[in-house]
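# Chains, contacts and geometry: an overview
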Amino acid sequence: MGRLGDQMVIDDLIGQELVSEWRAIEQERIDEFARATDDPQWIHTDPEAAAAGPFGTTIAHGFLTLSLVVPMFAEALPPLDGYGMSLNYGLNRVRFTSPVPSGSRIRGRFRIEDVEAVAGGKQGRIAATIELEGQEKPACIAEVLFRWLNPS
């Protein structure tokens, strides 16, 4: 194994599943995201209009759900050794498979598919599933790329 001291290197985690804690998606967070992204569509920010809409309540922006992949993955990832920093490198694909109603809870389930050497460090391809508490169908599925850079 690639252990250094008591901590792991990212290669140790290939094929393992990592799970974050549940996170509440409250209306206040949705409203703040709408302001930050200039996306105040009524389905997200107007509870009265949304109550009569297709979901019966306001829902989180898909990109709000996606933005939480980074902190949820960081939370689920055990301490790693040998890297100076990590970067969100991008996405290969994303699907928003279920709406996230205001007041619901989500969590991230991650599987490190593979790791490869890149200039300055390692790159991991991670299968991310954002689960919606109490529902079988996930809120979001994505293939995410993270880089772990060597210390400078």
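Look above for the structure.
Here's what I pulled together on the structure shown here. (Residues numbered from 1 in each chain as written. Predicted model: local features only at pLDDT ≥ 70, side-chain atom pairs only at ≥ 80, totals over all residues. Heavy atoms only, no water.)

## Digging into the packing of aromatic side chains
Applied cut-off: Two rings belonging to Phe, Tyr or Trp (six-membered ring only in the last case) form a pair when the distance between their centres is within 6.5 Å. Interplanar angles under 30 degrees mark stacking, angles over 60 mark edge-to-face geometry, and anything in between is tilted. In DSSP terms, a helix is any run of H or I states spanning at least four residues, a strand is any run of E spanning at least two, and both are numbered starting from the N terminus. In this scheme, a residue with accessible area under 20% of its type's maximum is buried, one over 50% is exposed, and one in between is partly exposed, where area comes from a 1.4 Å probe on protein chains only. Cation placement over rings: the criterion is NZ of Lys or CZ of Arg within 6 Å of the ring centroid and within 35° of the ring normal.
Counted under the stated rule, the structure contains five aromatic pairs. Ring geometry for Phe-63 versus Phe-96: centroids 5.5 Å apart, planes at 75°, classification edge-to-face. Within this pair, whereas Phe-63 is found in helix 4 (residues 62-67), its partner Phe-96 is found in the loop between strand 3 (85-95) and strand 4 (104-118), the two being separated by 33 residues in sequence. Geometrically, the ring pair formed by Phe-73 and Phe-110 is edge-to-face, given 5.1 Å between the ring centres and 65° between the ring planes. You can see Phe-73 sitting in helix 5 (residues 69-76) and its partner Phe-110 sitting in strand 4, a full 37 residues away along the chain. By relative accessible area, which is 1% here, Phe-110 ends up buried. Taken together, the aromatic side chains of Phe-73, Phe-110, Phe-146 and Trp-148 make up a single cluster linked through ring pairs. Lying over the aromatic face of Tyr-89, Arg-147 brings its terminal NZ or CZ to 3.7 Å of the ring centre.

## Structural notes on the nonpolar core
Here is the rule we go by: Throughout this description, the term nonpolar core refers to a set of buried Ala, Val, Leu, Ile, Met, Phe, Trp, Tyr and Cys residues connected via side-chain atoms within 4.5 Å. Between two residues, a contact is recorded if the distance between any of their heavy atoms is within 4.5 Å.
In this structure, Ile-10, Phe-73, Leu-77, Phe-110, Ile-112 and Trp-148 are the most contacted members of the largest nonpolar core, which totals 34 residues. Elements with a contribution of two residues or more to this core: helix 1 (27-37), helix 4, helix 5, strand 4, strand 5 (121-132) and strand 6 (140-149). If we skip the residues at most four places from it in the chain, Ile-10 touches Leu-77, Leu-80, Tyr-83, Ile-112, Val-115, Lys-122 and Trp-148.

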